Amino acid sequence: MSIVIAMGIFFIVVTMVFVAIAVFLPEWMGITGKKAKQIIAEQQEDPSNPHHE
C-alpha cells in the first residue's frame, strides 16, 4: 500500500511541476502562440516568395 501512496504523490508532484512550467515558462514546453503567429505572418506577407508553397 505504501508504494501506491508513494507513486501517487510522485505523480502529483511531477504533474504540478509540469503545470507550473507550462504556465510560467510556456516556451520551454513549446506552448506559445507568439512564434506560430510570427511564422504565419511571415508566410502570408510575401506570396511571391519562391520558397512559399
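Everything below is about the structure printed above this text.
Residues numbered from 1 in each chain as written. Predicted model: local features only at pLDDT ≥ 70, side-chain atom pairs only at ≥ 80, totals over all residues. Heavy atoms only, no water.

**Structural notes on the overall build of the protein**
For step 1, the next point in the chain: Secondary structure summary: the protein contains three helices and zero strands in total.
For step 2, the next point in the chain: In sequence order, the secondary structure elements of the protein are arranged as α-α-α.
For step 3, the next point in the chain: A burial count over the protein gives 4% of its 53 residues as buried.
For step 4, the next point in the chain: If you sum the accessible surface of the protein, you get close to 5000 Å²; carbon and sulfur atoms cover 71% of it. (Helix = DSSP H or I, 4+ residues; strand = E, 2+ residues; numbered from the N terminus. Buried < 20%, exposed > 50% of the residue type's maximum accessible area, 1.4 Å probe, protein only. Areas by Shrake-Rupley, 256 points an atom, 1.4 Å probe, with all protein chains shown as cover.)

**Thoughts on a nonpolar patch on the surface**
For step 1, the next point in the chain: A grouping of Met1, Ile3, Val4, Ile5, Met7, Ile9, Val13 and Val17 is seen on the molecular surface, where their side chains present a nonpolar patch of about 840 Å² in accessible area.
For step 2, the next point in the chain: Looking at the secondary structure, you find Val13 in helix α1 (residues 2–24). (Patch = residues over 30% accessible without salt bridge, like charges linked within 9 Å, V, L, I, M, F, W, Y side chains within 5 Å. Salt bridge = Lys/Arg side-chain N within 4 Å of Asp/Glu carboxyl O.)

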